[in-house]
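# Breakdown of the fold
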Amino acid sequence: PNGFGKLSNLPGFGSLNPRTEGVRTLGTLWSSSLFPGRCPEDYNLLLNYIGGSRDVGIAELTEEELVSEVDKGCRQVLLKDDAPEPL
């Protein structure tokens, strides 16, 4: 269990991050809220969009670096600091 509670309790279906927030993640969808059954009941599935024409350098990052960048952005604008590490 992730300890976040059910994303279905969040308003809407996701969030957008303007570049002024200083994160590389463009936006996040609460996939498990939009599409029930995509993950176990006690988990939440987040779909993050990254990159774009203003951040072409992101294509040079390793998979670990990409996960780290997305996790850092989510913690900055969406998750609590003590949220579990990404799977």
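The following refers to the structure shown. Quick caveat, the model's predicted, so the values are computed rather than measured. (Residues numbered from 1 in each chain as written. Predicted model: local features only at pLDDT ≥ 70, side-chain atom pairs only at ≥ 80, totals over all residues. Heavy atoms only, no water.)

## Some words on the overall build of the protein
Helix and strand counts for the protein stand at two helices and three strands. When its helices and strands are written in sequence order, the protein yields β-β-α-β-α. Taking all 87 residues of the protein together, 26% fall into the buried category. Nonlocal contacts in the protein, meaning residues at least 24 apart in sequence, comprise 47% of its contacts between residues at least 6 apart. For the protein, the computed accessible surface area is about 6,200 Å², with 57% contributed by carbon and sulfur atoms. (Helix = DSSP H or I, 4+ residues; strand = E, 2+ residues; numbered from the N terminus. Buried < 20%, exposed > 50% of the residue type's maximum accessible area, 1.4 Å probe, protein only. Contact = heavy atoms within 4.5 Å. Areas by Shrake-Rupley, 256 points an atom, 1.4 Å probe, with all protein chains shown as cover.)

## Quick look at the packing of aromatic side chains
Here the structure, examined in full by the defined rule, presents zero aromatic pairs. Over the ring of Phe35 we find Arg38, and its NZ or CZ is 4.6 Å from the ring centre. (Phe/Tyr/Trp six-rings, centres within 6.5 Å; stacked < 30°, edge-to-face > 60°. Lys NZ or Arg CZ within 6 Å of the ring centre and 35° of its normal.)

## Regarding the side chain of Ser31
Looking at where Ser31 falls in the secondary structure, it is placed in helix 1 (residues 31-34). Sequence-distant contacts of Ser31, that is, excluding residues within four places in its chain, are made with Leu45 and Leu47.

## Details of the sheet that holds strand 2 (residues 25-30)
What holds strands together in a sheet is hydrogen bonding between their backbones, with the strands either parallel or antiparallel. The three strands lie next to each other as 1-2-3, forming an open sheet whose pairing is antiparallel. Every other strand in the sheet has two partners, leaving strand 1 (14-16) and strand 3 (46-50) as the edge strands with one partner each. Neighbour to neighbour, the strand axes of the sheet diverge by 15 degrees on average, direction disregarded. In terms of strand pairing, strand 2 meets strand 3 through five bridges, oriented antiparallel. By the bridge assignment for strand 3, Trp30 is matched with Leu46. Of the strands in this sheet, strand 2 and strand 3 are in contact with helix 2 (residues 63-77), which crosses strand 3 at around 105 degrees. (Pairing = 2+ DSSP bridges. Axes fitted to C-alpha atoms, helices over the stretch in contact; angles between N-to-C directions.)

## Brief notes about the pattern of salt bridges
Evaluated as defined, the whole model comprises four salt bridges. For Glu69, the salt bridge is made with Lys72, and the minimal N-O distance between the two is 3.6 Å. Of this pair, Glu69 and Lys72 both sit in helix 2, three residues apart, which is roughly one turn of that helix. According to the relative accessible area criterion, Lys72 is partly exposed, its value standing at 49%. Linked through salt bridges whose partners overlap, the residues forming this network are Asp71, Arg75 and Glu85. (Salt bridge = Lys/Arg side-chain N within 4 Å of Asp/Glu carboxyl O.)

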